[in-house]
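# Working through the structure, step by step
Listed here are the chains, written in short residue letters.
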Amino acid sequence: MRTQICIIGGGPAGLFLSHVLHAAGIDSVIVERQTKQHVLGRIRAGVLEHGTVELLRQYSLSERMDRDGMPKDGTRIVWQGKDDFFIDTMRWTGKRMMIWGQTQITEDLYAARERDGAAIVFEAANTTLHDITGSPSVTYEKDGIPHRIDCDFVIGCDGFHGPSRMAIPADIRREYERIYPFGWLGIMVERPPLKELVYAYHTDGFAMASRRNPMLSRYYVQVPAADKVEQWSDDRFWDAFLRRVPENMAQQVQTGPSIEKSIAPLRSFVSEPMRWGKLFLAGDAAHIVPPTGAKGLNLAFSDIFYLSRALITHYDEGSDHYLDCYSEMALRRIWAAENISWKLTKLLHVFPDEDPFDQKIRQNDYDLLLASEEVQQALAYEYIGLPFED
Ligand code: RFL
Ligand code: PHB
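Owing to the predicted nature of the structure, the values given are computational and were not obtained by experimental measurement. (Residues numbered from 1 in each chain as written. Chains lettered and ligands numbered in written order. Predicted model: local features only at pLDDT ≥ 70, side-chain atom pairs only at ≥ 80, totals over all residues. Heavy atoms only, no water.)

## Digging into the site of ligand 1
Rules: Being near a molecule or strand, for a residue, means having at least one of its heavy atoms within 4 Å of it. Two N or O atoms form a polar contact when they lie within 3.5 Å of each other; inside protein one atom must be a possible hydrogen donor and the other a possible acceptor, and for residues adjacent in sequence the pair counts only when both atoms belong to side chains. Here the accessible surface of atoms and residues is derived via Shrake-Rupley with a 1.4 Å probe, and residues count as covered only by protein chains that are part of the display. We count a stretch as a helix when DSSP gives it H or I for four or more residues in a row; a strand needs E for two or more, and each element gets its number in order from the N terminus. Only Asp, Glu, Lys and Arg are considered charged in this grouping, and only Ala, Val, Leu, Ile, Met, Phe, Trp, Tyr, Cys and Pro are considered nonpolar; every other residue, Gly among them, is considered polar.
Among the 32 residues in the neighbourhood of ligand 1, the closest are listed as Glu32, Arg42, Gln102, Asp284 and Leu297. In this structure, alanine 13 approaches ligand 1 through a main-chain N or O atom, which is 2.9 Å from an oxygen atom. Contact between ligand 1 and glycine 46: an oxygen atom at 3.1 Å from a main-chain N or O atom of the residue. Here ligand 1 has 1,000 Å² of accessible area as a free molecule, and 88% of this is covered by the chains. At the level of secondary structure, the elements contributing two or more residues to the shell around ligand 1 comprise helix 1 (12-23) and helix 9 (296-317). It is helix 9 that provides the largest number of residues to the shell around ligand 1, a total of three residues. Of the residues contributing to the shell around ligand 1, the split by class is 14 nonpolar, 11 polar and seven charged.

## A look at the layout of surface pockets
Which entries qualify depends on this criterion: Only protein atoms enter the 1 Å grid used here, on which a cavity is any set of points holding a 1.4 Å probe that cannot leave and a pocket is any open set flanked by protein within 12 Å on both sides along at least five of seven lines; residues with an atom within 4 Å of a point are listed as lining. Grid points are joined across faces, edges and corners, and a volume is the space filled by probe spheres set on the points.
Estimated volume of the second largest pocket: approximately 500 Å³. As for the second largest pocket, its lining consists of 21 residues, of which Lys343, Leu344, Lys346, Leu347 and Asp365 are closest to the centre. Looking at the lining of the second largest pocket, the elements that each hand over two or more residues are strand 13 (174-189), helix 10 (321-348), helix 11 (356-371) and helix 12 (373-384). Per element, the largest residue contribution to the lining of the second largest pocket is seven residues, and it comes from helix 11.

## Details of the site of ligand 2
For ligand 2, the full set of nearby residues is Arg44, Gly46, Val47, Trp184, Tyr199, Met208, Ser210, Arg212, Tyr220, Pro291, Thr292 and Ala294. For ligand 2, an oxygen atom lies 2.8 Å from a polar atom in the backbone of proline 291. Threonine 292 places a main-chain nitrogen or oxygen 3.3 Å from an oxygen atom of ligand 2. Relative to its free-state accessible area of 280 Å², ligand 2 is covered by the protein chains to the extent of 97%.

## Notes on unusual backbone geometry
Most of the time, phi is negative for any residue but glycine, and the peptide bond is trans. Definition in use: Any residue under 20% of the maximum accessible area for its type is buried, any over 50% is exposed, and the rest in between are partly exposed; the area is computed with a 1.4 Å probe on protein chains only.
Between glutamate 272 and proline 273 the backbone carries a cis peptide bond, its omega angle lying at -10°. Position of proline 273 relative to the elements: it lies in the loop between strand 17 (258-272) and strand 18 (275-276). Backbone geometry at glutamate 123 places phi at a positive 55°, although glycine is not the residue there. Relative to the assigned elements, glutamate 123 resides in the loop between strand 8 (119-121) and strand 9 (125-130). Among the residues examined, glutamate 123 registers a relative accessible area of 47% and is labelled partly exposed. Positive phi values are uncommon outside glycine, yet aspartate 143 reaches one of about 50°. With respect to the helices and strands, the residue aspartate 143 is situated in the loop between strand 10 (137-142) and strand 11 (145-150). Of the residues examined, aspartate 143 reaches a relative accessible area of 68% and is grouped as exposed.

## Quick word on the packing of helix 1 against helix 6 (residues 102-115)
This is how the line gets drawn: Axis lines are fitted through C-alpha atoms, for helices just across the contact stretch, and the angle between N-to-C directions can take any value from 0 to 180 degrees. A crossing counts as left-handed when the near helix is turned anticlockwise from the far one by less than a right angle, and as right-handed when that turn is clockwise. Any pair of residues with heavy atoms lying within 4.5 Å of one another is described as a contacting pair.
Running from N to C, helix 1 and helix 6 point in directions that differ by 35°, and their axes come no closer than 10 Å. The two elements helix 1 and helix 6 cross, and the hand of that crossing is left-handed. Contacts between helix 1 and helix 6 involve Pro12, Leu15, Phe16, Ser18, His19 and His22 on the former and, on the latter, Gln102, Thr106, Leu109, Tyr110, Ala112, Arg113 and Arg115.

## What about the sheet that holds strand 14 (residues 198-201)?
Spelled out, the test is: Only strands joined by at least two bridges in the DSSP assignment are considered to pair.
Taken in spatial order, the eight strands make up an open sheet running 6-5-14-15-16-13-17-20, and their pairing is mixed. Unpaired on one side and paired on the other, strand 6 (84-87) and strand 20 (287-288) mark the two borders of the sheet. Bridge count for strand 14 against strand 15 (residues 207-213) is three bridges, and the pairing is antiparallel. From the neighbouring strand, tyrosine 199 faces strand 15, where its bridge partner is methionine 208.

## Side note on the domain arrangement of the chain
Heads up, the rule is: Boundaries of every domain are those given by an automatic assignment or by a domain database. Counted as salt bridges are all cases of a side-chain nitrogen of Lys or Arg within 4 Å of a carboxyl oxygen of Asp or Glu.
The domains assigned to the chain are domain 1 (5-67 + 90-177 + 266-384) and domain 2 (181-264). Between the C-alpha centres of domain 1 and domain 2 the distance comes to 26 Å. Listed as interface residues are 22 residues of domain 1 and, on the opposing side, 21 residues of domain 2. Connecting domain 1 to domain 2 are zero salt bridges. Summed over the shared surface of domain 1 and domain 2, the number is six residue pairs in polar contact (both at pLDDT 80 or more). Tallied by class, residues from the side of domain 1 that touches domain 2 come to 14 nonpolar, six polar and two charged.

## Topic: the pairing of strand 11
Looking at chain direction, strand 10 and strand 11 are connected through six bridges and run antiparallel. In the strand pairing of strand 11, threonine 139 is matched with arginine 148.

This is how it looks when you write it as structure tokens:
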């Protein structure tokens with residue numbers, strides 16, 4: 001088989017790229033390791049930056065989001081069961097975010113790609129990249145039969161564990177990483193959510209309240225990295241959660257049985273550069289943020305904004321200007337997201353090895369936030385996400 005662009009990975013990054021390229025008349029094939037049901041079954045992101053919302057609108061992917069999504073103008077931080085503070089993104093940036101699940105975005109992307117007759121291979125095994133600096137191709141096996149796709153470019157949208165990043169020689173890759181000694185235990189509950197998104201700092205650990213729709217709530221608590229889901233009954237989860245938020249808030253939480261429960265490890269990671277020869281990386285394949293800033297999915301979309309523009313300019317105008325600066329441009333936004341995600345993680349989580357000095361610094365960071373409008377404005381600016389560059 002031959003195509004212009006071979007995309008490895010049918011998550012949000014790969015699907016959105018193939019959708020945008022199709023709108024510009026550029027051919028692509030997506031090679032995905034899992035079944036579609038598996039991809040749609042992952043429960044992940046929930047908060048979209050203003051820029052992501054606008055991108056979805058621009059590419060006619062927003063009908064359900066604009067109908068059923070919940071506009072969001074900030075996030076509440078509660079502190080040791082009492083003081084609270086609102087990251088007022090609307091006041092300081094004039095921009096509106098949206099609570100809308102990654103699952104629904106992925107469903108809409110699959111529906112759009114299938115409507116447009118996309119080529120998507122599911123359950124592809126042993127996906128391998130070849131001749132990346134010459135005439136690239138991708139091979140895989142499906143039902144035990146080997147296949148090969150020749151292409152102009154390979155785009156690695158295959159998440160943190162995929163083969164694309166590893167196809168870049170080790171002496172070219174520079175990797176920056178921080179692994180946190182805790183994870184987030186998340187549950188989904190069929191009960192009305194709290195009115196606002198809440199991040200809670202407590203000496204027991206971080207907790208958070210979010211939602212997916214008026215009858216579906218999403219809650220998280222910080223747990224030690226080695227914990228297993230089986231150690232956390234629903235009762236234990238609710239005990240931990242309710243202790244970490246103020247009493248008046250705890251009274252408003254409608255608890256119930258979980259319909260999903262999972263633990264996500266926390267990690268910060270960036271691999272540079274995001275290009276090697278005719279291979280380009282996008283989304284979690286190149287970078288991971290801890291979920292505290294709600295940035296991961298948004299970064300996947302902003303990478304695709306830059307990369308699709310670069311590929312379209314290559315085919316339409318014969319210019320490689322944007323391809324040549326893709327990695328540098330995307331990385332500026334990625335490092336800003338790494339920075340705010342790390343800062344919020346440090347502010348809101350308990351580290352097992354922290355000492356009284358660390359605790360004083362954390363308290364001072366929070367006090368400064370309460371006291372200074374300049375600090376509040378800076379946080380809102382970072383939280384809403386940087387604008388895209390021309
Ligand atoms: P994905 O979604 O991991 O998709 C990669 C796809 O590649 C496939 N793949 C392969 N295909 C072929 N051959 C192989 N060898 C392959 N290996 C892998 C995989 O099966 C998969 O389908 O990466 P992508 O597209 O870059 O999207 C990134 C986002 O999924 C991720 O950044 C977000 O979910 C992060 N995230 C959040 N981001 C936000 O912007 N806002 C949030 O509120 C938010 N909350 C979260 C989150 C992530 C979480 N977890 C579980 C890590 C909350 C949580 C708890
Ligand atoms: C979520 O709704 O799952 C969510 C919201 C905000 C975050 C992380 C996750 O920072």
